[in-house]
Amino acid sequence: KTLVMHVRECSPTHLRVPFHVGEDRSRTWVLTLSGANLQLKHDHRHADGSEDEVTMYGGHTTAPGTAGRQESPADDESRELFEREGLVVSLANVWAMEIEPGRRFVYELARPGRLFRVEFDLSQPVPNPPPPWGSETGR
């Protein structure tokens, strides 16, 4: 399926990036500057805009990272959610994002026995679709 990301909201401390998998527009990455760290959360919604049972999981950067790469291991809140929902394989999740402005953006999920990595070509912009669920925030 075609994978598309759109930077929907951008401020000095907050970024919302809807991530589409084919026609599935249920995912949004939410990045927030929190002190000296970045927080990454995954906002998952149903087609009607209501929250999925497994949503707002992610983590905070624990190391300085670089201007081009940041890593966020699963935080306590996310590990509790994963345990409650029976997703114990996700307890060791570490998400990473990389950027080379104008060239590429990478989203990565790593855990023992799994590496999922998607690279987006930033040199080929695509039109921004209307936000899902009639919202200007793209939630």
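What you see is a predicted model; the values in this text were computed from it and never measured. (Residues numbered from 1 in each chain as written. Predicted model: local features only at pLDDT ≥ 70, side-chain atom pairs only at ≥ 80, totals over all residues. Heavy atoms only, no water.)

A.B. asks: Got a minute to help me understand the pairing of strand β9 (residues 104–111) in this structure?
C.D. replies: In summary, the side chains of a regular strand alternate between the two faces of the sheet. Burial within β9 is extensive, with 7 of its 8 residues counted as buried. Pairing between strand β8 (residues 94–100) and β9: 7 bridges, direction antiparallel. The residue bridging valine 94 from the neighbouring strand is alanine 110, located in β9. Following β8, the chain reverses through 3 residues before pairing antiparallel with β9; glycine 102 in that reversal takes a positive phi of roughly 80°. Where β9 and strand β10 (residues 114–121) come together, 8 bridges link them in antiparallel fashion. Bridged to arginine 104 within β10 is aspartate 121. The loop that links β9 with its antiparallel partner β10 comprises 2 residues; one of these, glycine 113, has a positive phi angle of about 85°. (Buried < 20%, exposed > 50% of the residue type's maximum accessible area, 1.4 Å probe, protein only. Helix = DSSP H or I, 4+ residues; strand = E, 2+ residues; numbered from the N terminus. Pairing = 2+ DSSP bridges.)

A.B. asks: For this particular structure, what's the right way to read the environment of threonine 66?
C.D. replies: Mapped onto the elements, threonine 66 comes out in the loop between β6 (57–60) and β7 (69–73). Residue classification places threonine 66 among the partly exposed residues on the basis of a relative accessible area of 49%. In the structure, threonine 66 is positioned 61 residues away from methionine 5 in sequence and 22 Å away in space, judged by C-alpha atoms.

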